[in-house]
Amino acid sequence: MSRRIPEELVTRIQQENDIVDVVSDYVQLKKQGRNYSGLCPFHNEKTPSFSVSPEKQIFHCFGCGKGGNMFTFLMESEGISFQEAALKLAERSHIPIGDLKVTTSGEQTFQEPPIEDQETHSMIEAHALVAQLYHYILTSTEEGTIALDYLHERGLTDEVIREYNIGFAPKSWELVTAFLEKRGFDYNVMIDAGLLARRDDGNAVDRFRERVMFPITNDRGQTIAFSGRLLPDVEGPKYLNSPETLLFNKRNVLFNFAAARKAIRQTKSVTIFEGFMDVIAASQAGVTNGVASMGTSLTPEHIAKLKRVTDRLIVCYDGDSAGLNATYKAVQLIQEARGLNVKIISLPEKLDPDEYIRKKGAEVFKDFYEQQQIEWPMFLMRYLGTIQDLNQADEIANYVDTLLDEISRIDRPIEQEVYLTELEQRTKIDKAVLRQQLATRQPQTAYEETFFQPQTQQVVKRTALDKMERYLVLLMLKDTQFFDQIQQKFEASTLSFYHDDYQAIYTYLLPYYLQGNIADVAQFLIEVKDERVKNIIVEMEMEELPNIEDVDIADCCYQLDKLQRLQDFKRLKQEQIDALNANDSDKVRAISLEIISKKRALDKL
């Protein structure tokens, strides 16, 4: 029988993970003072407003207001429950979790419901099972022998085949159809998922036949589609991808993104290839930060996804003319996104990365990859030189104009000089003339200069009462001794918080501290079920706490009492005005008596 994750295990999970490391798998973070900042993964923005505190183990976005601890971050990022997030973090930190399972929704007191509806969940489950089936057929059956031999001939090792879960769809119309039917999956949903196809007679059949199968995963590492490569000497389209479905949209999906995220974080860069075989071959050669678009050109959605985890992009497309054209278009799109540093690798002999590795070897490719990365202006100089006739004066003029525009974006004089020297050699135009033409241009904005200028937190005007209550709540969050003193003052009088949000935080703190917990905001957030209150707590914690030395709690509570009475007095005065305007004499008389009573009480303070 399943059961909830024990609190002591949740505490250990939190202690053995660091929120900066967790968030860095999803967001590119840079140190900004005591905290880290980056682009918020929960809403679109150009200026970073997302902040992570390693000291307090919390995150907060000043733009959209979301905040919480590492559990909250995973729940929001991946649409999973609290327990699923806890188990994921346990696996991440190699904490043994035994036979613990995710409990039923009735037992999950902290969780939000998963975002997948029943149909989407069914599609994900079916893809996982079919991927296992294809992999088993490839590696463990006679039917898969020819396909396995083909992959070995292509240079793929058994380890890589296992790592990428590569499989084989045999020559059958009914294998997957019967496999899914036996497990109770709905035909119509499986057709919509792209695993099956519908014949003219309305019957369902297998979509993929006689193909080496490459699973395509989403950002969470779940299989959501397939790309099937036809075996040699078999007629048909060389590659066949799953159709677009609820799970799979080519504009948003990058092959190997989930698996490469760790390497992207470690290298602080991502390598973009054209095809998934290039990604796999490069991985075998030691370049493990590779991704590829799925049968489509690079899109703004792809770039936005990559921009959240790194600002360094390396484009390594095919070396033929089509690959160079694709590189040109891709890098132009990357430049439009701003804030990204891009380098290009152009392979010789018109080879694609997979071919280059098979022909030259992994070590030669790795050396070329590391030593032959060029900047955009140099690539542009070489690329435009292949498509323009530099023997024609007008084309030379266009060529020089385009390149001088790019060089004007560079703010380092030495780097400008390098490109001017190269341009002089290619055009035979004296460098003094080129330098003179460059000087007449208005300096262009550098593509990367707008990145990581953190958004300044907006100053919120607060009343004196709001400031005092906020200050007291911050004190209670920071130290249990402050909490004890404030609780005693509240219980010895009629004091409570005037603002509902602060009263709610106090209500959550009471049982948390009474259970013997220490002042740890990340741990406390686990107990807070109200998302609004949780976000307010995180927002407060990201603020600088005023000086707390020699804090006089008694005086603070006295001032709070006085401010609340003043607030009540102001409220009554407004109600009196409203009653007068409404010609309600009885109400005016009652309010006036209450005002007199409040005024006398205030005068005694």
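This section reports on the structure supplied with the text. What you are looking at is a predicted structure, and each value in this text was computed from that prediction instead of being measured. Each chain has its residues counted from 1, running along the sequence as written. Local features in this predicted model are restricted to residues whose pLDDT is 70 or higher, and side-chain atom pairs enter the listing and the counts only when it is 80 or higher, whereas totals over whole chains, interfaces and linings include all residues. No hydrogens and no water enter the side-chain calculation; it runs on all heavy atoms of the structure.

**Topic: the nonpolar core**
Our working rule: Take the buried residues of types Ala, Val, Leu, Ile, Met, Phe, Trp, Tyr and Cys, join any two whose side-chain atoms come within 4.5 Å, and each joined set is a nonpolar core. Here's how the labels work: a residue is buried when its accessible area is under 20% of the maximum for its type, exposed when over 50%, partly exposed in between, all with a 1.4 Å probe on protein chains only. Per the convention used, a helix needs a DSSP run of H or I reaching at least four residues, while a strand needs a run of E reaching at least two, with both numbered from the N terminus. Two residues qualify as a contact provided that any one of their heavy atoms is within 4.5 Å of a heavy atom in the partner residue.
Ranked by internal contacts, the top residues of the largest apolar core, which has 65 residues, are L151, I166, L180, I280 and F365. Per element, the largest residue contribution to this core is nine residues, and it comes from helix α5 (residues 118-140). Discounting residues that sit within four places of it in the chain, L180 has contacts with A126, V130, F185, M190, L195 and L196. With 41 residues, the next largest nonpolar core counts V270, V309, I344 and Y419 among its residues.

**Notes on the sheet that holds strand β5 (residues 67-68)**
Put simply, the rule reads: For two strands to be treated as a pair, DSSP must find at least two bridges joining them. Angles run from 0 to 180 degrees between N-to-C directions of axes, and those axes are lines fitted to C-alpha atoms, restricted for helices to the stretch in contact.
An order of β1-β2-β3-β4-β5 is seen for the five strands of this open sheet, with the pairing classed as antiparallel. The outermost strands of the open sheet, each flanked by one partner alone, are β1 (30-32) and β5. Lying over the sheet, helix α24 (residues 531-541) contacts β4 (58-61) and β5, oriented at roughly 95° with respect to β4.

**With respect to the pattern of salt bridges**
What counts is decided by this rule: What counts as a salt bridge is simple: a side-chain nitrogen of Lys or Arg found within 4 Å of a carboxyl oxygen of Asp or Glu.
For the coordinates displayed, the defined rule picks out 32 salt bridges. The shortest N-O distance in the salt bridge between D21 and R265 comes to 2.6 Å. Of this pair, D21 sits in helix α2 (residues 19-24) while R265 sits in helix α10 (residues 257-267); the two residues are 244 residues apart in sequence, bridging distant segments of the chain. You can call R265 partly exposed: its relative accessible area is 29%. Its salt-bridge partner being R34, residue E55 comes within 2.5 Å of it at the nearest N-O pair. Highlighted residues: E55 in the loop between β3 (50-53) and β4 and R34 in the loop between β1 and β2 (35-38), separated in sequence by 21 residues. Note on accessibility: E55 and R34 belong to one class, exposed.

**Structural notes on helix α1 (residues 7-15)**
Applied cut-off: Each C-beta atom gives one direction from the helix axis, and the arc is the one those directions make.
Those residues of α1 lying buried are L9, V10, I13 and Q14. Buried residues along α1 cover an arc of 140° about the axis, so they all sit on one side. With respect to the buried face of α1, the exposed residues turned more than 90 degrees away are E8 and Q15. Those residues of α1 that are buried lie in contact with α3 (70-78), α4 (82-92) and α23 (521-524).

**As for the packing of aromatic side chains**
How we decide: Only rings of Phe, Tyr and Trp enter the pairing, Trp through its six-membered ring, and a pair is recorded when the two centres are within 6.5 Å. The plane angle decides the type: under 30 degrees is stacked, over 60 is edge-to-face, the rest tilted. Any Lys NZ or Arg CZ found within 6 Å of a ring centre and within 35 degrees of that ring's normal is scored as a charge over the ring.
For the coordinates displayed, the defined rule picks out 28 aromatic pairs. Residues Y26 and F73 carry aromatic rings whose centres are separated by 5.5 Å and whose planes lie at 75° to one another, so their mutual orientation is edge-to-face. Here the residue Y26 occupies a position in the loop between α2 and β1, and F73 occupies one in helix α3, the gap between them amounting to 47 residues. The pair Y26 / F73 is uniform in exposure class, with both members buried. Grouped by ring-pair contacts, the aromatic residues F483, F490, F497, Y506, Y512, Y513 and F524 constitute a single cluster. Over the aromatic face of W173 sits the side chain of R199, whose NZ or CZ is 5.3 Å from the ring centroid. When the ring centre of W173 is taken as reference, the NZ or CZ atom of R209 above it lies at 3.9 Å.

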